[in-house]
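Overview (structure and organization)
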Amino acid sequence: MSFWDIPGMKAGVVTGDLAWSLLQHAKSNGYAIPAFNCTSSSTINSVLEAGAKLNRPVMVQFSEGGAAFMAGKSLPNEKGKLQASILGAVAGAHLVRAVAPAYGIPVLVHSDHCAKKLLPWFDGMLEADEAFFKAHGEPLFSSHMLDLSEEPDEENIAICKKYLTRMAPMKCILEMEIGITGGVEDGVDNSGTASEKLYSTPEDVWAVYAGLSPISPMFTIAAAFGNVHGVYKAGNVVLKPELLQDCQNYAKSKTGTDRPLNFVFHGGSGSEKHHIATALAAGVVKMNVDTDTQWAYWEGLLKFYKAKEGYLQVQIGNPEGADKPNKSYYDPRKWIRECEVTMVARVQESCQDLSNVNP
Ligand SMILES: [Zn+2]
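As a starting point, this report considers the structure included with it. (Residues numbered from 1 in each chain as written. Predicted model: local features only at pLDDT ≥ 70, side-chain atom pairs only at ≥ 80, totals over all residues. Heavy atoms only, no water.)

1. What to know about the nonpolar core
The cut-off we apply is this: As used in this record, nonpolar core signifies buried Ala, Val, Leu, Ile, Met, Phe, Trp, Tyr and Cys residues forming a set joined through side-chain atoms within 4.5 Å. Working definition: with a 1.4 Å probe on protein chains only, accessible area under 20% of the residue-type maximum means buried, over 50% means exposed, and in between means partly exposed. Runs of H or I in DSSP of at least four residues are treated as helices and runs of E of at least two as strands, each being numbered from the N terminus. By definition, residues are in contact when any of their heavy atoms lie within 4.5 Å.
Counting residues in hydrophobic clusters, the biggest one holds 75 residues, and the most contacted among them are Val60, Phe62, Val96, Phe122, Leu174, Ile221 and Phe263. Per-element tally for this core: the top contributor is helix 5 (residues 119–136), with 7 residues. Not counting residues up to four positions away in its chain, the partners in contact with Phe122 are Cys114, His144, Met145, Leu146, Tyr163, Met167 and Leu174. Phe3, Val14, Leu22 and Ala26 belong to the second largest nonpolar core, which has 18 residues in total.

Below is the structure:
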């Protein structure tokens, strides 16, 4: 059964039961939906264009820093308020909502890592969800991530319970993190984390399920299995996606349900394909991609500049003549489009990796 056969499935942003059905369809059909960090209308369009080419669902996500960039770097974004991060994420979500139907595919809109010190950002986005829900009967965003993995597990789960209670009436999906993703992303540096924190145990993950499932079934878990943000040379940390299956087995022994957990794969950039396959089999429904698409976007510009260097030095004058204008080369639409073309290709590659392609 195609995801299009899910009752009510449509082009455009999907939330609530529809979004959750899509993630469950992914789990039972052995694929995952890739989530791409976006910081501009150009990167959003690249993700949507790739999804449209494949006729497959995709996810657009905003980090706190990416959201502030979306609103504009010059705007004040004070600690404890994060007004630009709230504004940028909300504006980004509205932009995706406006254009996604034209691309003809279902799209989820999500916000990425939110640590304890960034909770004002989370609160601001939830206020926007609640206002949108009042007007339209659904939240603005499909889902949000809370990352309290730096806090003790008990506090992490308690804060997640509090927020899921607020999100459940809107059927907004919560993604949470238990254990720590290593590396550096969006200014959060976990490169010095003790290695045991980089692997979640089945008991750790079960405590999350036991705490959250009485409130709402609509939550996903970013469990740590040696993941690292960014692309690095092979180091001491070893990716062990088979740990996720151990978590599923443990949860099944408690609930009697097969694969009751829904996992998210962070730090997927540069992952070996066999690790991704193991993760999909263990119930990963979403994988984050940031570093690889950042590189792809840049590479488009790099190649264009190298190929057209002689046309990009002055406004008038190029290898074809001293009076030849270069406007058609330095027009931002020209070189930003080159970035988009290489990003679209990389987004499609991620979809392929996650089996998010039509047979
Ligand atoms: Zn992450």
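That was the structure; now back to the text.
2. Quick notes on the packing of helix 6 (residues 153–167) against helix 7 (residues 202–212)
The criterion, for reference: Axes here mean lines fitted to C-alpha atoms, for a helix over just the part in contact, with angles spanning 0 to 180 degrees between N-to-C directions. Oblique is the label for every angle not falling under 35 degrees (roughly parallel), over 145 degrees (roughly antiparallel), or within 65 to 115 degrees (roughly perpendicular). Two helices that cross are described as forming a left-handed crossing if the nearer one is turned anticlockwise from the farther one by less than a right angle, and a right-handed crossing if clockwise. Each residue receives one of three labels: charged for Asp, Glu, Lys and Arg, nonpolar for Ala, Val, Leu, Ile, Met, Phe, Trp, Tyr, Cys and Pro, and polar for the others, Gly being one of them.
At their nearest, the axes of helix 6 and helix 7 sit 10 Å apart, and the two run at 30 degrees to each other. Put simply, helix 6 runs roughly parallel to helix 7. As helix 6 runs across helix 7, the sense of the crossing is right-handed. Contacts from Asp153, Ile157, Cys160, Lys161 and Leu164 in helix 6 reach Asp204, Ala207, Val208, Gly211 and Leu212 in helix 7. The residue makeup of the contact of helix 6 with helix 7, split by class, is 6 nonpolar, 1 polar and 3 charged.

3. What to know about the layout of surface pockets
Using a probe with the size of a water molecule, rolled over the atoms, empty space left in the structure can be pinpointed. Heads up, the condition is: A 1.4 Å probe that fits into a set of points on a 1 Å grid over the protein atoms alone but cannot get out defines a cavity; an open set with protein on both sides within 12 Å along at least five of seven lines defines a pocket, and lining residues are those with an atom within 4 Å of a point. Grid points are joined across faces, edges and corners, and a volume is the space filled by probe spheres set on the points.
Estimates place the volume of the second largest pocket at around 280 Å³. Along its surface, the second largest pocket is lined by 17 residues, and Asn37, Cys38, Thr39, Asp290 and Gln294 are the ones closest to its centre. Of the residues forming the lining of the second largest pocket, the biggest block, 5 residues, is contributed by helix 10 (residues 291–307). For the lining of the second largest pocket, the per-class residue count stands at 5 nonpolar, 9 polar and 3 charged.

4. Section: the side chain of His229
Heads up, the rule is: A 3.5 Å cut-off defines polar contacts: any pair of N or O atoms within that distance qualifies, except that in protein one atom must be a possible hydrogen donor and the other a possible acceptor, and neighbouring residues in sequence count only when both atoms are side-chain atoms.
Topologically, His229 is positioned in strand 10 (residues 228–229). A polar side-chain atom of His229 sits 3.3 Å from a polar atom in the side chain of His113. In contact with His229, not counting residues within four places along its chain, are His113, Thr181, Gly182, Gly183, Val184, Glu185, His266 and Gly267.

5. Let's talk about the packing of helix 4 (residues 83–103) against helix 5
Each pair of packed helices gets described by two things: the angle between the helix axes and the distance between those axes. Remark: helix 4 packs on helix 5, axes separated minimally by 8 Å, with the N-to-C direction vectors making an angle of 40 degrees. Classified by the angle their axes make, helix 4 and helix 5 are oblique. Crossing geometry of helix 4 relative to helix 5 is assigned as right-handed. Across from Ser85, Ile86, Ala89, Val90, His94 and Arg97 in helix 4, the residues of helix 5 making contact are Pro120, Trp121, Gly124, Met125, Ala128 and Phe132. In terms of residue class, the contact of helix 4 with helix 5 is made up of 8 nonpolar, 3 polar and 1 charged.

6. Side note on the pairing of strand 5 (residues 143–146)
To be explicit about the condition: Pairing between two strands requires that DSSP report at least two bridges joining them. The handedness rule is simple: strands pointing away from the viewer, and a clockwise path from the first strand over the helix to the second, make the crossover right-handed.
Across the two faces of strand 5 the burial is the same, with Ser143 and Met145 and His144 and Leu146 all buried. Across 2 bridges, the pairing between strand 4 (residues 106–111) and strand 5 is parallel. In the strand pairing of strand 5, His110 is matched with Ser143. A crossover connection joins strand 4 to the parallel strand 5 through helix 5; in handedness this β-α-β unit is right-handed. Of the strand pairs in this sheet, strand 5 and strand 6 (residues 173–178) are connected by 4 bridges, and their pairing is parallel. Bridge assignment links Leu146 to a residue of strand 6, and that residue is Met176.

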